[in-house]
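Coordinates in review
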Amino acid sequence: MANTTQSAKRARQNEKRFAINKARRSRIRTYLRKVEEAIASGDKEAATAALKAAQPELMRGVTKGVFHKNTASRKMSRLAARVKVLG
């Protein structure tokens, strides 16, 4: 339990921020899962479209501080390589 008013406020802010970040992470994972499913089905057009939809969402997560820039770049690079192999 927070002892001072400042620490109580910080605890409230942390809870709010945690909920926002959790929702953002969940949203990004949904987009990434759609790409994975399209790759698994072997549909290159659907995978490409899903990848294009996922990319700005993932980068938005970077600007909001949910993911590190290199993590997002690595994920995009690996997904793009897997989509490229589809034929």
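See the structure printed just above.
The following refers to the structure shown. Keep in mind that what you see is a predicted model, and the values were worked out from it rather than measured.

Notes on the overall build of the chain
Looking only at helices and strands, the chain has three helices and zero strands in total. Each helix (α) and strand (β) of the chain, taken in turn from the N terminus, gives the series α-α-α. Dimensions along the principal axes, computed over C-alpha positions, put the chain at roughly 60 × 20 × 15 Å. The buried share of the chain, reckoned over its 87 residues, is 24%. Pairs at least 24 apart in sequence give 57% of the contacts found in the chain among residues at least 6 apart. As displayed, the chain has an accessible area near 6400 Å², and 52% of this comes from carbon and sulfur atoms.

Some words on the pattern of salt bridges
One pass over the full model with this rule turns up four salt bridges. The partner of Glu37 in a salt bridge is Arg33, and the shortest N-O contact between them spans 3.7 Å. Within this pair, Glu37 and its partner Arg33 are both found in helix H1 (residues 5-41), separated by four residues, close to a single helical turn. On the basis of relative accessible area, Arg33 is assigned to the partly exposed category, the value being 45%. Between Arg82 and Glu36 there is a salt bridge whose closest N-O contact spans 2.9 Å. Of this pair, Arg82 sits in helix H3 (residues 69-85) while Glu36 sits in helix H1, placing them 46 residues apart in sequence.

Some remarks on the side chain of Glu57
Looking at the secondary structure, you find Glu57 in helix H2 (residues 44-63). Among the residues examined, Glu57 registers a relative accessible area of 10% and is labelled buried. Here Glu57 is in contact with Arg27, Ile28 and Tyr31, once residues within four sequence places are set aside.

So, how was this worked out
- Residues numbered from 1 in each chain as written.
- Predicted model: local features only at pLDDT ≥ 70, side-chain atom pairs only at ≥ 80, totals over all residues.
- Heavy atoms only, no water.
- Helix = DSSP H or I, 4+ residues; strand = E, 2+ residues; numbered from the N terminus.
- Buried < 20%, exposed > 50% of the residue type's maximum accessible area, 1.4 Å probe, protein only.
- Contact = heavy atoms within 4.5 Å.
- Areas by Shrake-Rupley, 256 points an atom, 1.4 Å probe, with all protein chains shown as cover.
- Salt bridge = Lys/Arg side-chain N within 4 Å of Asp/Glu carboxyl O.

These results come straight from atomic positions and should not be treated as a statement about function.
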